[in-house]
Amino acid sequence: MNKTNYPKIGIRPIIDGRRQGIRESLEETTMDMARSVARLYAEELRYPDGSPVQCVIADTCIGGVKEAANCAEKFERENVGLSLSVTPCWCYGSETIDMNPLIPKAIWGFNGTERPGAVYLAAALAAHNQKGLPTFGIYGREVQDLGDTVIPEDVEEKLLRFAKAGLAVAMMRGKSYLAIGTVSMGIAGSQVNPDFLQEYLGMRAEYVDCSEILRRVQQEIYDRDEYEKALEWTKKHCAANELPDHNPEAIRRTRQQKDEDWEFVVKMTLIMRDLMIGNEKLDSIGFGEEALGHNAIAGGFQGQRQWTDFMPNGDFSEAILNSSFDWNGIRAPFVFATENDYLNGISMLFGKLLTNTAQMFADVRTYWSPKSIERATGWKPDGIMKNGAIHLINSGSCTLDGSGQQCIMECEPAMKPFWEITEEEVEKMLGATQWGPASLEYFRGGGFSSKFLTKAGMPVTMCRLNLVKGQGPVLQIAEGWTATFPDEVFAVIDKRTDKTWPSTFFVPRITGEGHFKDVYSVMNYWGANHGAISCDHIGADLISLASMLSIPVCMHNVDEEEIFRPSAWNAYGSDTEGSDYRACATYGPLYK
């Protein structure tokens, strides 16, 4: 996506329209309020390419309907994807509000005593709610003096949360999810539902048969110069870290076959990327249609079983695409789902758009209780592992960023935006990852699976979008941390599953009740076999995003005081979970 096409944040300075004294005294104060928010956003928020988020401020303060209409016209021209209204004073409610039903909206009403900005906030929110236009209300806890340009900490937190979620909504609109293949092994999440994508996210569903990969390989429809560069890099950094072949000797692939597999999976990676976003180099070799791509912001590969029964698996391609680097250097990660589980792919997309970081894809595979750990290994878990852990593992599609080799502060493990990652950290991620010849019982066509063990101590959030008949989409969220075992203990556990796959051990923050009564409960209540894992605790941001999309949250361990939803949700009952369901049912999909 070209950065000039990114959606912008529209800022609407709202003012008391009465002239000959009142409006004139507030013009500069109101416009300064808008400028201060624009500075905050430019300093704190980045687009996926690392460039600062752009804001568009109305040409004049908005005191009535004509100025509101002028602002709406400007926002349309400037590709504004969400709007924030700000005011330090009383203004005329329904005459000045943003009436665009397709973009997320918020209002910051200044908490001051000289002029009643908070009164306008309440009146305008009431108008929005009456008209069925859900809007976030932002009101600072402490009274400020009129003209104070400092944004209080609690107001700043809500301004940023609204903007991050609103930008995510805007960046999905008009894009595609690309399904390469169809349903993998009967997994419901890979039954791509175009109506959900269209109505809730404003996205298209694009479909390509797996035979397109074969066609492009056989007809050499890829950048051949880049292929040579990619293959050389892969041999140096990946093939050189190839694990011993653990397959039974009678069915092992020969060295020649494995070398050919490396060549094939590198071509697959180039082709999958080109299918998503296009490649102008293809036009120069006579393939103008293929050069365009599918405008995909996320994608997935069916793989199993029809493909992997006779062709190399997609593990290498998926792992590299999901990582923040490849043979061309450090770059923004893609969102690419294994087994074409688009619901997990969209969950990953939510996390990426909120954080600009790579996202992990994993099976939510096994709950290891303290008793089971001690029985199997002889080691009694303690510390963060004292209540057990959930083993997150998959056949190799997980981003290499998930190894935890990136550092923040005093080398705490993290997954960072690509523009903060160093070449040294890339070398560490590559060094921490080995590539095992595919388990031929699973993958008869060969290939290679990545293997690493995620470092302990990384704050993470796991989420999952599910579709439920009669209910529609729901979102699950679990915040927690990564953990690890002593090497000799992990060696025992690792042998109980496929020892060529990457492992992450997740310990959710438990509350002692409900879905988070204990670690077992989180595993027991998880709604699907996969989860999307993002670095940092972003549960509150996910909740705000879900409310913009009318997707209720059916499970989370976020503190109630951090939950930020449109003010209309307050009218649907005092129980936050029930009111979320009722409000989402009332407003329905954003694009229906």
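Residues numbered from 1 in each chain as written. Predicted model: local features only at pLDDT ≥ 70, side-chain atom pairs only at ≥ 80, totals over all residues. Heavy atoms only, no water.

**Here we look at the overall build of the chain**
Step number 1: The secondary structure content of the chain amounts to 18 helices and 22 strands.
Step number 2: By the compact-globule yardstick of 25 Å for 592 residues, the chain fits well, its C-alpha radius of gyration being 25 Å.
Step number 3: Each principal axis of the C-alpha distribution contributes one length, and for the chain these read about 90 × 60 × 50 Å.
Step number 4: Among the 592 residues that make up the chain, the fraction classed as buried is 59%.
Step number 5: Intrachain contacts of the chain at a sequence separation of at least 6 include 75% that bridge at least 24 residues.
Step number 6: Only carbon and sulfur atoms are counted for the fraction: they give 47% of the accessible area of the chain, which is about 23,500 Å². (Helix = DSSP H or I, 4+ residues; strand = E, 2+ residues; numbered from the N terminus. Rg over C-alpha atoms; globule rule 2.2 N^0.38 Å. Buried < 20%, exposed > 50% of the residue type's maximum accessible area, 1.4 Å probe, protein only. Contact = heavy atoms within 4.5 Å. Areas by Shrake-Rupley, 256 points an atom, 1.4 Å probe, with all protein chains shown as cover.)

**Details of the state of the cysteines**
Step number 1: The final tally for this structure, using the stated rule, is one disulfide.
Step number 2: In this model, cysteine 407 is linked to cysteine 411 through a disulfide, with the two sulfur atoms separated by 2.3 Å. The disulfide joining cysteine 407 to cysteine 411 has a torsion of about 40° about its S-S bond and is therefore right-handed.
Step number 3: Cysteine 463 carries a free sulfur, and the closest cysteine sulfur to it, the one in cysteine 554, is 11 Å from it. (Disulfide = S-S within 2.5 Å.)

**Points about the side chain of serine 190**
Step number 1: The residue serine 190 is located in the loop between strand S6 (176–180) and helix H6 (194–201) in this model.
Step number 2: A polar atom in the side chain of serine 190 sits 2.8 Å from the backbone oxygen of isoleucine 187.
Step number 3: Setting aside its immediate chain neighbours within four residues, serine 190 contacts Thr182, Val183, Ser184, Glu339, Asn340, Asp341 and Tyr342. (Polar contact = N/O pair within 3.5 Å; in protein donor to acceptor, adjacent residues only side chain to side chain.)

**Details of the pairing of strand S20 (residues 503–508)**
Step number 1: Taken across its six residues, S20 has six buried, putting it largely inside the fold.
Step number 2: Going residue by residue along S20, you find Ser503, Phe505 and Val507 tucked away on one face and Thr504, Phe506 and Pro508 tucked away on the opposite face as well.
Step number 3: The sheet contact formed by strand S13 (residues 389–393) and S20 spans four bridges and is antiparallel. Each residue of the ladder has a partner; that of isoleucine 390, found in S20, is phenylalanine 506.
Step number 4: In this structure, strand S19 (residues 472–483) lies alongside S20, joined through four bridges in antiparallel fashion. Paired with tryptophan 481 across the bridge in S20 is valine 507. (Pairing = 2+ DSSP bridges.)

**Let's talk about the packing of helix H5 (residues 153–172) against helix H17 (residues 539–548)**
Step number 1: Viewed as axis vectors pointing N to C, H5 and H17 meet at an angle of 50°, and their least axial separation amounts to 9 Å. One element, H5, and the other, H17, form an angle in the oblique class. The handedness of the crossing between H5 and H17 comes out as right-handed. Contacts between H5 and H17 involve Arg161, Phe162, Lys164, Ala165, Gly166, Ala168 and Val169 from the first element and Ala540, Asp541, Ser544, Leu545 and Met548 from the second.
Step number 2: Per-class residue counts for the contact of H5 with H17 are seven nonpolar, two polar and three charged. (Axes fitted to C-alpha atoms, helices over the stretch in contact; angles between N-to-C directions. Parallel < 35°, antiparallel > 145°, perpendicular 65-115°, else oblique. Left-handed = near helix turned anticlockwise from the far one by under 90°. Nonpolar A, V, L, I, M, F, W, Y, C, P; charged D, E, K, R; others polar.)

**Thoughts on a negative patch on the surface**
Step number 1: Taken together, the side chains of Asp225, Glu228, Glu232, Glu260 and Glu263 define an acidic patch exposed on the protein surface.
Step number 2: Those elements that provide at least two residues to the negative patch are helix H8 (224–237) and helix H9 (255–277).
Step number 3: Looking at the negative patch element by element, the count peaks at three residues for H8.
Step number 4: By the secondary structure assignment, aspartate 225 is in helix H8.
Step number 5: Using a relative accessible area of 65% as the deciding quantity, one classes aspartate 225 as exposed. (Patch = residues over 30% accessible without salt bridge, like charges linked within 9 Å, V, L, I, M, F, W, Y side chains within 5 Å. Salt bridge = Lys/Arg side-chain N within 4 Å of Asp/Glu carboxyl O. Lys, Arg positive; Asp, Glu negative; His and termini not counted. Charge placed at Lys NZ, Arg CZ, Asp CG, Glu CD.)

**Concerning the sheet that holds strand S11 (residues 336–338)**
Step number 1: With parallel pairing, the four strands of this open sheet are ordered in space as S7-S6-S8-S11. The open sheet has two free edges, formed respectively by strand S7 (204–208) and S11, since each of these has just one partner strand. The sheet shows a mean angle of 20° between the axes of neighbouring strands, direction not considered.
Step number 2: Where S6 lies against S7, five bridges are found, and the strand directions are parallel. When the sheet's bridge partners are listed, isoleucine 180 is paired in S7 with valine 208.

**Description of the packing of aromatic side chains**
Step number 1: Across all of its chains, the model carries 24 aromatic pairs by this definition.
Step number 2: An angle of 80° between the planes, with centres 5.8 Å apart, marks the rings of phenylalanine 301 and tryptophan 307 as edge-to-face. Comparing phenylalanine 301 with tryptophan 307, the two get one shared label, buried.
Step number 3: Taken together, the ring pairs in this structure connect Trp262, Phe316, Trp435 and Phe448 into an aromatic cluster.
Step number 4: The aromatic ring of tyrosine 227 is capped on one face by lysine 267, whose charged end is 5.1 Å from the ring centroid. (Phe/Tyr/Trp six-rings, centres within 6.5 Å; stacked < 30°, edge-to-face > 60°. Lys NZ or Arg CZ within 6 Å of the ring centre and 35° of its normal.)

**Quick look at helix H11 (residues 315–322)**
Step number 1: Counting buried positions along H11 yields eight of eight residues, so the element is predominantly enclosed.
Step number 2: For H11, the complete set of buried residues consists of Asp315, Phe316, Ser317, Glu318, Ala319, Ile320, Leu321 and Asn322.

**Quick notes on the sheet that holds strand S3 (residues 80–87)**
Step number 1: Strand order in the open sheet formed by five strands is S2-S1-S3-S4-S5, and the pairing between neighbours is parallel. Edge strands, defined here as strands with exactly one partner in the open sheet, are strand S2 (55–57) and strand S5 (136–138). Ignoring which end each strand starts from, the neighbouring axes of this sheet average 20° apart.
Step number 2: Sheet analysis places strand S1 (residues 8–13) next to S2, joined by three bridges and oriented parallel. In the strand pairing of S2, isoleucine 11 is matched with isoleucine 57.
Step number 3: Its contacts with the sheet place H5 against S1, S3, strand S4 (105–109) and S5, and it is angled at close to 155° to S3.

All quantities given are derived from atomic positions and should not be read as evidence of function.
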